[in-house]
Amino acid sequence: MALWAGRFSKEIDAGVNAFNSSIAFDARMYRHDIQGSIAHATMLGDCGIITKEDSQTLIAGLQEILADIDAGRLEFDPNAEDIHMFIEAELTKRLGDVGKRLHTSRSRNDQVALDLRLYLRDEIAEIRTLVETLCKALVKLAEQHTETVLPGYTHLQRAQPVTFAHHLLAYVQMFLRDLGRLDDTAKRMNECPLGSGALAGTTYHIDRQQTAQLLGFDAPMANSLDGVSDRDYCIELANNLSIIMMHLSRFSEEIILWCSWEFKFIELDDAFATGSSIMPQKKNPDITELIRGKTGRVYGDLMTLLTMMKGLPLAYNKDMQEDKEAIFDAVDNVKLCLETFIPMLETMRVLKENMRAAAAKGFINATDCADYLVKKGMPFRDAYKISGTLVAQCIEQGLTLETLPLEAYQKMTPLFTEDVYEAISLETCVKGRVSEGGPSPAAVAKQLALVKAKLGME
Ligand code: ARG
């Protein structure tokens, strides 16, 4: 019989029960549900709402259930409506009447609001660690490539020279902001909904400060209607996760390009690539493509949550049960992507010579050629035009600025002398970009130091 058998004269239709049930996806919160119930039972005992003895019996019973589930001795009943009902029913099965006292002054709306916060708090901590690990892996790789020159691109056209370290550190900045966003969300959501009741609090003199404290929250939530119906934190988290995926996806797209024959800037380790069933020559970057693909589904999870909430009157509505599959999917996939991406990155081979060869083509020193004239007194716009004309001549003759003869330069302006070759060499072009945040090894050394301090490295 259902827990609400008093009001009902019939059992629920089996199909409806299956449709209504969330245990298939909320069972993963069992630990947090029990943790919340233990805090609740402790408080009920301390406040004299139930006897100390009953409180202790309940706590011991809950701990046993936890141990049994952990050890695989207790299986979830797929017919239970949700994890909250399942654990309460199991407790009553084991303890009899005492078990029935646990739900005094509490609602499932309370429970689900609490459990999800507790669950996601732990997940955020795990994701945080993974993002941090990724940043550290990027820093380590960057440290080996402060002199590795490759073209920087705009419009995917070779633009100006940068170093691989500089390129990698751009991603570190993105992921550091992701960490900041996770921290902000974790801080904002760390208030305890327990004690909101179904929606309107309770007539019992409960101690919400105590339960909040026992469960590691900063404070109880201030309004019971909000307590049971706020899912902002899920949306914030899904947003943060979407941005993490967007960053991973951009990076993945670059890796996909870099391991194509057209670029060949990197080679993936054999353990992190796949072959083709028909084309023997193939080595495919499946991991990065899947990450790029999964980004769409995490965005979808965010849209699910936003849309699910937008029309809901206060307070709890059953629509909210849909929050879990969406946010769990987002959390699971981000973890999976990070866990796979990090070792792939750590094992890939960086093909420096190919990066350098690409940098040597594409006239990425054309700006430097113009700047050379500017340093000799010519206005930038005139210098820009001359440099552009020289590039056009090179293209016509199959040359580069490095191989164009001095006479060709001097035909444009006598300001050009032999030292132009030194000024437009890739090394000079990179080393010269000394501005703060730029790619010169000196500027990158400063970036590295700042990032390492933020990550607590060394
Ligand atoms: N399974 C429900 C959910 O996930 C728990 C809360 C149900 N409350 C209710 N009054 N039906 O949202």
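Cut-off values and rules
Here, residues in each chain are numbered from 1, in the same order as that chain's written sequence. Selection of residues for local features in this predicted model requires a pLDDT of at least 70, selection of side-chain atom pairs for listing and counting requires 80 or more, and totals for whole chains, interfaces and linings are taken over all residues. By convention in this description, side-chain values take in all heavy atoms of the structure and omit both hydrogens and water. Any residue with at least one heavy atom within 4 Å of a molecule or strand is counted as near it. Under this definition, polar contacts are N or O atom pairs within 3.5 Å; protein pairs additionally need one hydrogen-donor-capable and one acceptor-capable atom, and for neighbouring residues in sequence, both atoms have to be side-chain atoms. In these tables, accessible area is a Shrake-Rupley quantity obtained with a 1.4 Å probe, and a residue counts as shielded only by the protein chains included in the view. Working definition: helices are DSSP H or I runs of at least four residues, strands are E runs of at least two. Numbering for both runs from the N terminus. What a helix should span is 1.5 Å times the count of its residues minus one. Contact between two residues is taken to exist if any of their heavy atoms lie within 4.5 Å; hydrogens are not considered. Remark: nonpolar core denotes a set of buried residues (Ala, Val, Leu, Ile, Met, Phe, Trp, Tyr, Cys) joined through side-chain atoms within 4.5 Å. The buried label applies to any residue whose accessible area, calculated with a 1.4 Å probe on protein chains only, is under 20% of its type's maximum; exposed applies above 50%, and partly exposed to all values in between. Defined by distance alone, a disulfide is two cysteine sulfur atoms within 2.5 Å. Whether two strands pair comes down to DSSP finding at least two bridges between them. Each aromatic pair joins two rings of Phe, Tyr and Trp (for Trp, the six-membered one) with centres within 6.5 Å, and gets the label stacked for planes under 30 degrees apart, edge-to-face for over 60, and tilted for any other angle.

Caption draft 1: Just the site of the ligand, in detail. The local shell around the ligand consists of Ser22, Asp82, His84, Arg108, Asn109, Val112, Tyr316, Gln321 and Lys324. Between Asn109 and the ligand, the recorded distance is 2.8 Å, taken from a side-chain N or O atom to a nitrogen atom. For the ligand, an oxygen atom lies 2.5 Å from a polar atom in the side chain of Tyr316. The fraction of the free accessible surface of the ligand (350 Å²) that becomes covered by protein chains is 86%.

Caption draft 2: Looking closely at helix H19 (residues 441-454). Under the 1.5 Å per step criterion, the end-to-end length of H19 is 20 Å for 14 residues, consistent within 8% with the ideal 20 Å. Those residues of H19 that are buried are in contact with helix H6 (108-143), strand E2 (157-163), helix H7 (164-188) and helix H18 (426-431). Gly456 lies just past H19 and shows a positive phi near 65°.

Caption draft 3: Region of the structure containing the nonpolar core. Among the nonpolar cores identified, the biggest contains 78 residues, and Leu120, Leu248, Phe251 and Leu345 are the most heavily contacted of them. Put simply, the parts of the chain that give this core at least two residues each are H6, H7, helix H10 (232-258), helix H11 (286-309), helix H12 (323-347), helix H13 (352-360) and H19. The element that contributes the greatest number of residues to this core is H6, accounting for 14 residues. The next biggest cluster of nonpolar side chains, apart from the first, holds 23 residues, and it includes Ile38, Leu58, Ile87 and Val98.

Caption draft 4: Just H11, in detail. In this model H11 runs 35 Å from its N-terminal to its C-terminal C-alpha over 24 residues, within 8% of the 34 Å that 1.5 Å per residue would give. Within the span of H11, buried status applies to Ile287, Thr288, Ile291, Lys294, Thr295, Val298, Asp301, Leu302, Leu305, Met308 and Met309. Where the residues of H11 are buried, they touch helix H9 (224-229), H10 and H12.

Caption draft 5: The environment of Phe265, seen in detail. In this structure, Phe265 sits in the loop between H10 and strand E5 (266-267). The exposure class of Phe265 is buried, given its relative accessible area of 1%. Expressed as a C-alpha distance, the spacing of Phe265 and Ala358, which sit 93 residues apart in the sequence, is 9.0 Å. Not counting chain neighbours up to four residues away, the residues in contact with Phe265 comprise Leu150, Pro151, Tyr153, Trp258, Arg349, Val350, Leu351, Asn354, Met355 and Ala358.

Caption draft 6: The arrangement of the state of the cysteines in detail. Tallying each qualifying case throughout the model produces 0 disulfides. With no disulfide of its own, Cys192 lies 13 Å from the sulfur of Cys47, the closest cysteine sulfur.

Caption draft 7: View of the pairing of strand E1 (residues 149-154). Direction of pairing for E1 relative to E2: antiparallel, over a ladder of 6 bridges. The partner of Thr154 across the bridge, within E2, is Gln157. Hairpin connection between E1 and E2: a loop of 2 residues separates the two successive antiparallel strands, and His155 in this loop has a positive phi of roughly 55°.

Caption draft 8: Inspection of the packing of aromatic side chains at higher detail. Enumeration over the complete set of coordinates arrives at 12 aromatic pairs. Residues Phe76 and Phe86 carry aromatic rings whose centres are separated by 5.6 Å and whose planes lie at 65° to one another, so their mutual orientation is edge-to-face. Residue Phe76 is located in the loop between helix H4 (52-70) and helix H5 (83-95), and its partner Phe86 is located in helix H5; the two are separated by 10 residues in the primary sequence. Overall, the relative accessible area of 30% leaves Phe76 in the partly exposed class. Ring geometry for Phe164 versus Trp258: centroids 5.6 Å apart, planes at 65°, classification edge-to-face. Note that Phe164 is positioned in helix H7 and Trp258 in helix H10, a separation of 94 residues in sequence. For the pair Phe164 and Trp258, a shared accessibility class is recorded, and that class is buried.

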